[in-house]
Amino acid sequence: MKMGRNVALMALGAGAVLAYQKYSKPVMKKVEKTANKALKKADSKLENMM
């Protein structure tokens, strides 16, 4: 029972590492794009207030 659980946890860890390696750059680009969009929107609102 413990051996099966250990193997399952190792497989889960390996899957997580592979997913991180494959998807980390696209996700970070998407987050950066969204953050920049929000900052520009906030900056625009502040300029309109002044």
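Okay, so let's go over this structure. Because the structure is a prediction, the values reported are computed rather than measured. (Residues numbered from 1 in each chain as written. Predicted model: local features only at pLDDT ≥ 70, side-chain atom pairs only at ≥ 80, totals over all residues. Heavy atoms only, no water.)

### Let's talk about the overall build of the protein
Across its full length, the protein holds 1 helix and 0 strands. Here the C-alpha atoms of the protein give a radius of gyration of 21 Å, more than 25% beyond the 10 Å that 2.2 N^0.38 yields for 50 residues. Dimensions of the protein, computed from the C-alpha atoms along their principal axes, are close to 65 × 20 × 5 Å. Here the protein, with 50 residues, has 2% of them falling under the buried criterion. Carbon and sulfur atoms make up 68% of the accessible area of the protein, which totals about 5200 Å². (Helix = DSSP H or I, 4+ residues; strand = E, 2+ residues; numbered from the N terminus. Rg over C-alpha atoms; globule rule 2.2 N^0.38 Å. Buried < 20%, exposed > 50% of the residue type's maximum accessible area, 1.4 Å probe, protein only. Areas by Shrake-Rupley, 256 points an atom, 1.4 Å probe, with all protein chains shown as cover.)

### Some thoughts on helix 1 (residues 2-49)
Its axis deflected by about 50° at Tyr23, helix 1 carries its strongest bend there, up to four residues before the proline Pro26. Along helix 1, only 1 of the 48 residues are buried, which leaves the element largely exposed. (Bend = angle between axes of the 7 residues up to and from the residue.)

### Concerning a nonpolar patch on the surface
The grouping of Met3, Val7 and Met10 at the surface amounts to a nonpolar patch, some 340 Å² of accessible area in total. Structurally, Val7 is set in helix 1. Judged by its relative accessible area of 43%, Val7 falls in the partly exposed class. (Patch = residues over 30% accessible without salt bridge, like charges linked within 9 Å, V, L, I, M, F, W, Y side chains within 5 Å. Salt bridge = Lys/Arg side-chain N within 4 Å of Asp/Glu carboxyl O.)

### Some words on a positive patch on the surface
Taken together, the side chains of Lys30, Lys33, Lys37, Lys41 and Lys45 present a region of like positive charge at the surface. Secondary-structure assignment places Lys33 in helix 1. What makes Lys33 exposed here is its relative accessible area of 61%. (Lys, Arg positive; Asp, Glu negative; His and termini not counted. Charge placed at Lys NZ, Arg CZ, Asp CG, Glu CD.)

### As for the environment of Lys30
Residue placement: Lys30 occurs in helix 1. Residue classification places Lys30 among the exposed residues on the basis of a relative accessible area of 56%. For the pair Lys30 and Val17, spaced 13 residues apart in sequence, the C-alpha separation works out to 20 Å.

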